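Chain by chain, the residues:
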Amino acid sequence: MTQPCGAILAIGDELAIGQSLDTNTRWIAEQLTARSLHIIEHTTLPDDQHAITDAILRLAQHADFIIITGGLGPTADDLTRQSLAEALSEPLVEDDRALAFLEDIERKRGRSLTPARRSQALRPASASIIDNPTGTAPGLRAVLTTTARVTHIFCLPGPPREMVPMFEGAVLPALPENPTHAIRTRILRCYGIPEADAAAALADLMRRDRNPLVGTTASNAIISIRIRYEGDPGAADSSLSETERQVRAAVGPYIFGAEDDTLPAVTLGALREAGDAMLVAESCTGGLTGAMLTEIPGSSDVFLGGWITYANEMKSAHLAVPAADLQSPDIGAVSAHTARNMARAALANAPDASRSFNRIHSVAITGIAGPSGGSDRKPVGTVFIAAATRDNNSGVLTDEVRHFLIAGDREDIRIRSATTAIGMTLHRFRNSSPETLLWQVAPPDRAEARA
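Reading the values: rules and limits
- Residues numbered from 1 in each chain as written.
- Predicted model: local features only at pLDDT ≥ 70, side-chain atom pairs only at ≥ 80, totals over all residues.
- Heavy atoms only, no water.
- Helix = DSSP H or I, 4+ residues; strand = E, 2+ residues; numbered from the N terminus.
- Buried < 20%, exposed > 50% of the residue type's maximum accessible area, 1.4 Å probe, protein only.
- Contact = heavy atoms within 4.5 Å.
- Areas by Shrake-Rupley, 256 points an atom, 1.4 Å probe, with all protein chains shown as cover.
- Pairing = 2+ DSSP bridges.
- Core = buried A, V, L, I, M, F, W, Y, C linked by side-chain atoms within 4.5 Å.
- Axes fitted to C-alpha atoms, helices over the stretch in contact; angles between N-to-C directions.
- Salt bridge = Lys/Arg side-chain N within 4 Å of Asp/Glu carboxyl O.

Visitor: Summarise the overall build of the protein; cite the residues concerned and give the values.
Guide: Helix and strand counts for the protein stand at 16 helices and 17 strands. Based on the C-alpha atoms only, the size of the protein along its principal axes is roughly 80 × 55 × 45 Å. Within the protein, the proportion of its 451 residues that are buried is 48%. Taking all contacts inside the protein whose residues are at least 6 apart in sequence as the whole, residues at least 24 apart take part in 69%. Looking at the protein as shown, the accessible area adds up to about 20200 Å², and 52% of this sits on carbon and sulfur atoms.

Printed below as a string of structure tokens:
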């Protein structure tokens, strides 16, 4: 049995030239996949009537449905309705119900309907209107019959706050269902392993002829392992669970969460569950680690704060890093010694309230984010991260320092350093810390690191 399949067409000059990010296509694709519908193509086009018409006609040869977003506004560059009419070989007609809706909106605003806004009531002769409960631009629904198939076409406005309720209310219920075929996915999130190493560890699990299919993507130190099953709905859960078990067996120490989990949220959750708290001491990241943590709602109950000691004078004044060490050519601000001093000083300067927690964890970052400031000995991307823990019950202090050479431009290095600091903290907390992490120059000297 042929499975229903569809295509998504995003319209707009701003999307085509990269001025705006197309978030609609991703969201729609997720909804369609959850319904076990195949997506054969995503296409982005500028505001060009002939290009849009050609795309509709081409996609209709292969897709059972096409979902179009954008180009339904009142301006001269909103051309979706004209393009659809051209593809259908039909004239545009004025829809009485849509016109009454637009007139009512303008009347409530104390204005009269302009010719430009009135154009939003137009539709191809055989098309029907999709009501817009949160905006002014109605959507369109049409059927295009070719020698290849019958294709259902849905046109929705570009703004997500309008598009989403229209999709959920009018489009999704009209799409085909296939109860005999399931598409199910799971995602596992990893930190600390290079993508190539993860792929090597997963080996045969990533064969393209396998079901469930396993794939990886990487972004700023986080690897997402995607597991996708297609087939008999009754076998979906067991097949996904077995593959997930095999993935965890291969790269388990690096997995920190699943689905929408983020590294900061998981780290804060682990601290909260254990009755622990966390501090940061940052140099080259300029507070970015703290910002990532405080983006998570409720972080204030376990994240106490920290220090941004960008200048050497601040490291000495607020974290007691000896000025002589900072000026020494053998030590300097970017060194394991300075990172350790920063992490220990953060614990020493923790507020009295920190004593109410079982343990206090600190993480310190010092490095060279560039684009200047590097040397042969310490090139741009050199970063030292120290993590320290004080057990408030026993008084025992432990710490470690790792040396990284992080790839990328200044922004990459800062984001990846902050992410690495949080991931390093979580690994230590879970006692699952791998010998070597992503971008680490060499395994740490354990005797020196634990001193």
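Visitor: A description of the pairing of strand E15 (residues 359-367) should follow, citing residues and the corresponding values.
Guide: Counting buried residues along E15, eight of its nine residues qualify, which places the element largely inside the surrounding structure. With six bridges joining them, strand E13 (residues 277-282) and E15 adopt parallel strand pairing. Looking at the pairing, Val280 lines up with Val363 of E15. With nine bridges joining them, E15 and strand E16 (residues 382-391) adopt antiparallel strand pairing. Following the sheet pairing, Ile365 is matched in E16 by Ile385.

Visitor: Could you give me a rundown of the nonpolar core, with the residues and numbers involved?
Guide: Ranked by size, the top nonpolar core spans 34 residues in total, and within it Ile385 and Phe404 carry the most contacts. When contributions to this core are tallied by element, the ones reaching two or more residues are helix H10 (263-274), E13, helix H11 (288-294), E15, E16 and helix H15 (410-430). It is H15 that provides the largest number of residues to this core, a total of seven residues. Discounting chain neighbours no more than four positions away, the residues touching Ile385 are Val363, Ala364, Ile365, Glu400, Val401, Arg402, Phe404, Ser417, Thr420, Ala421 and Met424. If you look at the next biggest cluster of nonpolar residues, it comprises 28 residues, including Ala7, Leu9, Ile52 and Ile153.

Visitor: Requested: an account of the sheet that holds E15, with residues and values cited.
Guide: If you trace the five strands from one edge of the open sheet to the other, you get E14-E13-E15-E16-E17, paired in mixed fashion. The sheet is open, and its two edges are formed by strand E14 (303-308) and strand E17 (397-405), each paired on a single side. Strand-to-strand twist across the sheet, computed as the mean angle between neighbouring axes with direction ignored, equals 15°. This element, helix H14 (residues 336-348), spans E13, E14, E15, E16 and E17 of the sheet and lies at about 145° to E15.

Visitor: Would you mind going over the pattern of salt bridges in detail, with residue names and values included?
Guide: Applying the stated criterion across every chain yields a total of 22 salt bridges. Among the ionic pairs, Arg272 bridges to Asp301, the shortest N-O distance being 2.7 Å. Residue Arg272 is found in helix H10, and its partner Asp301 is found in the loop between H11 and E14; the two are separated by 29 residues along the sequence. A salt bridge links Arg402 to Glu400; the shortest N-O distance between them is 3.3 Å. Each member of the salt-bridge network shares a partner with another, and the members are Asp104, Arg107 and Lys108.

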